[in-house]
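Working through the structure, step by step
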Amino acid sequence: MPEPAVPEPAVPEPAVPEPSVAEPSRPEPSTGAAPALEFRDVEKRFGRNTVLSGLNFTVRPGERVTLIGPSGSGKTTILRLIMTLETLSEGYIYVGGQPLTHEERNGKRVALPGRRVRETTKRIGMVFQHFNLFPNMTVLDNLVEAPVHVLGMSREAAAEKARGLLDRVGLAEKADAHPTRLSGGQQQRVAIARALAMDPEILLLDEVTSALDPELVGDVLQVLRDIAAETDITMLIVTHEMQFARDVSQRVMMFDQGAILEDGTPEEIFTRPREARTQRFLSAVLE
Amino acid sequence: MLWSWDFAAEALPLLLRGFGNTLIATAGGTALAVVLGLLLAVLLRVLPRWIRWLLRLLVAVVRNTPLIMQLVFVWTLFSTSEALIGVPALVVGTLVIGVHYATYMSESYRAGIDAVPPGQWEAISALSLPPVRAFRSVVLPQALRATVPSLGNYAIAMFKDTPFLIAIGVGELVWSAQSFGGRSFAYTEAFTLAGLIFLAASYPTSLAVRRLEKSLASY
Amino acid sequence: MAEDLVRLVDFLPQLGDGLLVTVQLALGGALGSFAIALLLGLAMVAPTRWLAVPARIVVEFFRGTSLLVQLFWLFYVLPLLGAELDPLMCGILALALNYGAYSAEVVRSSVMHVEPGQWEAALALSLTPARRMFRVILPQAWALMIPSLATLQIQLLKGTAVASFLTLQDLNERIDILRQDTGDTLFSYSVGFLLYFVLAWLIQVTMDLLEALAKRRLGRDPSDAGFVGRLVAGAGTSAGAGEADAPGTAEPAVAKGGAR
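What counts and what doesn't
Residues numbered from 1 in each chain as written. Chains lettered and ligands numbered in written order. Predicted model: local features only at pLDDT ≥ 70, side-chain atom pairs only at ≥ 80, totals over all residues. Heavy atoms only, no water. Helix = DSSP H or I, 4+ residues; strand = E, 2+ residues; numbered from the N terminus. Buried < 20%, exposed > 50% of the residue type's maximum accessible area, 1.4 Å probe, protein only. Contact = heavy atoms within 4.5 Å. Pairing = 2+ DSSP bridges. Salt bridge = Lys/Arg side-chain N within 4 Å of Asp/Glu carboxyl O. Axes fitted to C-alpha atoms, helices over the stretch in contact; angles between N-to-C directions. Parallel < 35°, antiparallel > 145°, perpendicular 65-115°, else oblique. Nonpolar A, V, L, I, M, F, W, Y, C, P; charged D, E, K, R; others polar. Buried area = accessible area lost by both parts, 1.4 Å probe. Polar contact = N/O pair within 3.5 Å; in protein donor to acceptor, adjacent residues only side chain to side chain. Phe/Tyr/Trp six-rings, centres within 6.5 Å; stacked < 30°, edge-to-face > 60°. Arc of directions from axis to C-beta. pLDDT = per-residue confidence, 0-100. Patch = residues over 30% accessible without salt bridge, like charges linked within 9 Å, V, L, I, M, F, W, Y side chains within 5 Å. Areas by Shrake-Rupley, 256 points an atom, 1.4 Å probe, with all protein chains shown as cover. Core = buried A, V, L, I, M, F, W, Y, C linked by side-chain atoms within 4.5 Å.

**With respect to the overall build of chain C**
Of regular secondary structure, chain C possesses nine helices and zero strands. For chain C, buried positions account for 51% of its 260 residues. Pairs at least 24 apart in sequence give 68% of the contacts found in chain C among residues at least 6 apart.

Shown next, in the form of structure tokens:
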């Protein structure tokens, strides 16, 4: 438990000393803009199984971070925690300086009410491995639903915006189609447009090409490359497409057994990894 | 005064006596349905096509028409036939409810037999096992595992349908409650107790079936 | 036989009255049971125990005590408590409560069987819990629950025969009168069984139609929803075929992992 000499409730010091590997992303209290994302002493357990423990890191606004690591290393769990698809066991996550699901009040960890959580999550978008388009709505309605009912946009404005986004992912003519009538690659591009329709500050991409036939992967990645080039959305990417990770991200975090093993630029991690385990992992996925 | 413990105490022994008949009908009906259901499932597989069609129609009629009507129909047939006039209502009721639920259970058996993996049938023909022996020692044991929880659920459903036997004058639990209520006007006590007896018997049984279902599903 | 038929024709108006009572019971019971099922089923999946536990208790109570006990309780005990219902309402209420409890379990289970990815996508879009349930999950659960609801609706139809215990002149009761009229048990009851069978068939056809429509709305093949489903599928594939020829559909559709 930290003992601050001066009451400083806004940004308390992390209770646990940061691991040295997280050097470039050390939170800088009281100076500069709030980080887009901050993990503070995050722990996630499933039953007796601890998936993440003592996790601390920050992501700058506009930064593109790729999370790599063997399956079960906790990287997808990190995305799911940010999207509140999993509940945090311990610790805190801050989005743009605002607490996500829990906040510290008088030294106690307090869960925030759902309404307040949604105020934060509506600034975050997520694209899933299996697209998860709503089959009971047309493509356009998939894109219009949340802007109208969460952001309070007018239906006309939301529809116009949705058509623009569909055009951007190359599917303008599919607006009134049924999602199940689209190919996997098309469905995933619609899912990306659906996430963008909310104007997210943070976009989470969870193995978005893993469920696609190899010949459909290229189109989806091209759409994402374009978005990365044209916007300043902060992105957290879990992927096995190492070339894509290299092209798009400024930072790569290597996870192993629920902790950050290595954290650096794509150049550093992919060409001269410090850890033997990173080397082994990379040679296994790149072979 | 909404509730009188005196009336409740007076009603309880009468209700339990009626409950005896409820249990007899349930046990007899279940035994009949379990055997007849299997027989139906097998017959619907092996009989010539047109008899099978006729049997299927008969099964559909039994399943889709009210049990109460079937009870009264058969009871009237029995009581207008010289040979069958002496058969007690409890026996007739048990027979009808057993046949009614046999049509449901045959469907469970059929699903269980259909769920036996095709590899097993291939193995049977590869070993050239005689059909009856193959059915008894290979198909049936595997089919039963998927079928037993479903049979249990139907037995519980049958238990809760036994009050329909009132329609032919069987003195079971709810009949006892009704006649006690009619004499004392203590309907509240009589029917509340009757409901609680049903609940006390059926809820633990259905929990047991659900547990059985889970443990069989985890194989 | 000819005599029986003549009697039957004379009896038709009464039979019609009985049929009307039975249909009223079945329809009222169906609507009531559906409302109760939705209420209790959704309460059972509520995140708070304050809703889920009481709903579960109510469901187990009405499933565990027999229909006839519930009916007699409403008919005999309720007036003692100062609330008198007419027999028809009494019957409808008992049927709605009993089959509503069974249907609630169907609603709960269908909601839980909607693909987890759909819940997650709705959550990721920050939809409110109510919007999540009513706009995303329930429309998909609806397609899952129809076959089981169809079975329960037919059970409910069969259950309407308890009306005769309430002095109501329903179809079952009229058939008994027809038997006394004609003195021909087999003939009278064949008429009765046939009429109930047709009613049950109508329920099945209606539910098959609803299922086929629900499946088509979800972009799934409705052809396995009985013969009605095949009819609807026939109408649907012609429209779908045109769409598949549209430009830009060169990519093969992936079945696995798609928005199912």
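That was the structure; now back to the text.
**Concerning the side chain of C:E105**
Residues and elements named next belong to chain C. Summarising the element assignment, E105 is placed in helix α4 (residues 87–113). Note on E105: relative accessible area 16%, which makes it buried. Excluding residues that lie within four positions of it along the chain, E105 makes contacts with M44, R56, V59 and R63.

**Points about the pairing of strand β6 (residues 102–105) of chain A**
All names here are of chain A. As paired strands, β6 and strand β7 (residues 108–111) are joined by four bridges and run antiparallel to one another. Bridging from a neighbouring strand, E103 pairs with V110 of β7. The turn linking β6 back onto β7 is made up of two residues, and N106 within it adopts a positive phi angle of 50°.

**Quick word on the pattern of salt bridges**
Scanning the model with the defined rule gives 29 salt bridges over all chains in all. Taking the shortest distance from any N to any O, the salt bridge between A:R116 and A:E103 comes out at 3.6 Å. One end of the pair, A:R116, is in helix α2 (residues 114–121); the other, A:E103, is in strand β6, with 13 residues separating them in the sequence. Classification of A:E103 by relative accessible area gives buried; the value is 15%. A salt bridge links C:R179 to C:D176; the shortest N-O distance between them is 3.3 Å. You can see C:R179 and its partner C:D176 sitting in helix α7 (residues 171–182), three residues apart, about one turn around the helix. Looking at C:D176, the relative accessible area reads 18%, which means it is buried. One salt-bridge network, held together by shared partners, links B:R210, C:R56, C:E60, C:R63, C:E105 and C:R108.

**Side note on the packing of helix α8 (residues 187–217) of chain B against helix α2 (residues 49–64) of chain C**
Two elements in contact, α8(B) and α2(C), have axes whose closest approach is 9 Å; the angle formed by their N-to-C orientations is 110°. Relative to α2(C), the element α8(B) is oriented roughly perpendicular. Here α8(B) contributes B:F198, B:L199, B:S202, B:Y203 and B:R210 to the contact with α2(C), which in turn contributes C:R56, C:E60, C:F61, C:R63 and C:G64. Within the contact of α8(B) with α2(C), the residues separate by chemical class into four nonpolar, two polar and four charged.

**A short note on the interface of chain B and chain C**
In many analyses, interface size is given as the accessible surface area lost on bringing the parts together. The partner chain C presents 35 residues to the 35 residues of chain B that form the contact. For the pair chain B and chain C, the two sides together bury roughly 3200 Å², of which 75% comes from carbon and sulfur. The largest contributions to the chain B side of the interface with chain C come from B:N64, B:M69 and B:F73, which together make up 20% of the buried area. The interface formed by chain B and chain C holds one salt bridge in total. The residue B:R210 makes a salt bridge to C:E60 at a minimum N-O spacing of 3.3 Å. The interface formed by chain B and chain C holds 11 residue pairs in polar contact (both at pLDDT 80 or more) in total. Broken down by secondary-structure element, the contributors of at least two residues to the side of chain B that touches chain C are α2 (49–64), α3 (67–80), α4 (89–114), α7 (173–184) and α8 of chain B. Ranked by residues supplied to the side of chain B that touches chain C, first place goes to α8(B) with 11 residues.

**Here we look at the packing of aromatic side chains**
Enumeration according to the criterion identifies 23 aromatic pairs over all chains in this entry. Where C:F75 meets C:Y76, the ring centres are 5.2 Å apart and the plane angle is 85°; that geometry is what we call edge-to-face. Given the relative accessible area of 22%, C:F75 is considered partly exposed. By relative accessible area, C:Y76 is classed as buried at 18%. Judged by centre distance (6.2 Å) and plane angle (50°), the rings of C:Y189 and C:F193 are tilted. One end of the pair is C:Y189 and the other is C:F193, both in helix α8 (residues 185–217) and four residues apart, which spans about a single turn. Owing to a relative accessible area of 0%, C:Y189 belongs among the buried residues under this scheme. Judged by its relative accessible area of 11%, C:F193 is buried. Linked through ring pairs, B:F185, B:Y187, B:F191, C:F72, C:F75, C:Y76 and C:F165 together constitute an aromatic cluster.

**With respect to α2(A)**
For α2(A), the full list of buried residues reads A:V117, A:R118, A:T120 and A:T121. Mapping the buried residues of α2(A) onto a view down its axis gives an arc of 160°, with all of them on the same face. Check the buried side of α2(A) and you find it contacts β4 (90–95), β5 (98–99) and β8 (124–127) of chain A together with α6 (129–159) of chain C.

**Re the confidence of the model for chain A**
For chain A, the mean per-residue pLDDT works out to 88, and 89% of the residues sit at or above 70. Per-residue pLDDT stays below 50 along residues 1–31 of chain A; that stretch engages in 27 contacts with residues further than four places along the chain or on separate chains.

**Observations concerning the sheet that holds β4(A)**
All names here are of chain A. Strand order in the open sheet formed by four strands is β2-β1-β4-β5, with antiparallel pairing between adjacent strands. The open sheet terminates on both sides in strands that have one partner only, identified here as β2 (49–59) and β5. Taken together, the five bridges between strand β1 (residues 37–46) and β4 define a ladder with antiparallel strand orientation. Of the residues in β4, the one forming a bridge with F39 is I93. Helix α1 (residues 75–82) contacts β1, β2 and β4 of the sheet and is inclined by roughly 110° relative to β1.

**Quick look at a nonpolar patch on the surface**
Together, B:W50, B:I51, B:W53, B:L54 and B:L57 give the surface a local cluster of nonpolar side chains, amounting to about 570 Å² of exposed area. If you trace the backbone, B:L57 turns up in helix α2.

**A look at the sheet that holds strand β11 (residues 251–256) of chain A**
Residue and element names in this part refer to chain A. Read across the sheet, six strands follow the order β8-β9-β10-β3-β11-β12 without closing on themselves; strand pairing throughout is mixed. Of all the strands in the sheet, just β8 and β12 (259–264) have a single pairing partner and so form its edges. Put simply, the sheet's adjacent strands are angled 20° from each other on average, direction ignored. Where strand β3 (residues 64–68) lies against β11, four bridges are found, and the strand directions are parallel.

**Digging into the nonpolar core**
By size, the foremost hydrophobic cluster in this structure holds 154 residues, and its most contacted members are A:L37, A:F39, A:L55, A:I78, A:L204, C:L68 and C:F72. Sorting elements by how many residues they give to this core places α6(C) first, with 14 residues. Listed in part, the 42 residues of the second largest apolar core include A:A159, A:I192, A:A197 and A:L212.

**Digging into unusual backbone geometry**
Residue and element names in this part refer to chain A. The backbone of N106 sits at a positive phi, close to 50°, despite the residue not being glycine. Looking at the element boundaries, N106 is found in the loop between β6 and β7. What makes N106 exposed here is its relative accessible area of 80%.

**Re the interface of chain C and chain A**
On the side of chain A, 42 residues touch chain C, which itself brings 35 residues to the contact. Taken together, the connections running from chain C to chain A amount to three salt bridges. Among the ionic pairs, A:E145 bridges to C:R131, the shortest N-O distance being 2.7 Å. Where chain C meets chain A, there are 12 residue pairs in polar contact (both at pLDDT 80 or more). Ranked by residues supplied to the side of chain C that touches chain A, first place goes to helix α5 (residues 116–124) of chain C with seven residues.

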